[in-house]
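Commentary on secondary and tertiary structure
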Amino acid sequence: MKQSAAACVIALAVAALTGCAQSPATTTPAAAASPAGAASPAGAQLPAAGTGATPAAKFAAFPCLSYTLPCGKVATRKPVAKQLEGPLAGDATRGMRIAHARDKGNCLACHVMKGGTQPGSRGPDLSHYGSTGRGDAETYAMVYDMRARIPDTLMPPFGTNAILDDQELRDVVAYLQASR
Ligand code: HEC
């Protein structure tokens, strides 16, 4: 009994390593057939026991489970107080899409936002942010890296961690400013 459990753990570890040594593009036909599964870790659930699907390719979607990637061993990026350069030039419609997209801003995880559904409540309600009179530069800096103001914030540093690029940040700020 003990031995088979240990063997199982080793098999899993080997599967994880194999998955990471291979290119993450190596998906099973089942994963390739499902667009959601191919695009995001959310679709990378473990196959049910006995389905015969190989877990190796699926584990590759979770970098922290691999021993070959530096996940968890890279120093946290220092907070950056970022200045907005030039005029905002953001597109509010695009900004709303970016803010709501789970694989982009995912701001709805924590904020109530205009036009969004099923919001979380860890952050303040942003659905009327545009009427609070905050400037573009201040808003940009906060979304870029809130840690520059609030060191222990829950909010991810979208700019510093390159979750959103400069134009995407500008679009999101335009959307916030247009939320009245
Ligand atoms: C994990 C939770 C979380 C996510 C995701 C998140 N935020 Fe926040 N946000 C917060 C919290 C919490 C605060 C309040 C400040 C604090 O305590 O850190 C905040 C504050 C803000 C503020 C300042 C509001 C004010 O009135 O001072 C803005 C603007 C903002 N967030 C925008 C965004 C945008 C845009 C996104 C998505 C790109 C986003 N947030 C994603 C948690 C989050």
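Residues numbered from 1 in each chain as written. Predicted model: local features only at pLDDT ≥ 70, side-chain atom pairs only at ≥ 80, totals over all residues.

1. A word on the site of the ligand
Threshold: Think of it this way: take the backbone, place a C-beta atom on it, and check whether that atom is within 6 Å of the molecule or strand, in which case the residue is near it. The helix count covers DSSP runs of H or I at least four residues long, the strand count covers runs of E at least two residues long, and both are numbered beginning at the N terminus.
If you check the shell around the ligand, you find 23 residues, and the closest are Gly105, Cys107, Cys110, Gly123 and Thr153. Where the shell around the ligand is concerned, the elements lending two or more residues are α6 (136-144) and α7 (166-178). If one sorts the elements of the shell around the ligand by residue count, α6 sits on top with three residues.

2. Concerning helix α5 (residues 92-100)
For clarity, the threshold we go by: Neighbour counting defines burial: a residue surrounded by 20 or more other C-beta atoms within 10 Å of its own C-beta is buried, one with 12 or fewer is exposed, and intermediate counts give partly exposed, using backbone-placed C-beta atoms. It is the directions from the helix axis to the C-beta atoms whose arc is reported. The contact criterion used here is simple: two residues whose C-beta atoms, placed from the backbone, lie within 7 Å are in contact.
Residues Gly95, Met96, Ile98 and Ala99 constitute the buried set of α5. Taken around the axis of α5, the buried residues stretch over an arc of 165°, which confines them to a single face. In this fold, the buried residues of α5 make contact with α7.

3. Points about the environment of Ser121
Its place among the elements puts Ser121 in the loop between α5 and α6. Judged by C-beta crowding, with 9 C-beta atoms within 10 Å, Ser121 ranks as exposed. C-alpha separation for the pair Ser121 and Ala109, spaced 12 residues apart in sequence, amounts to 7.7 Å.

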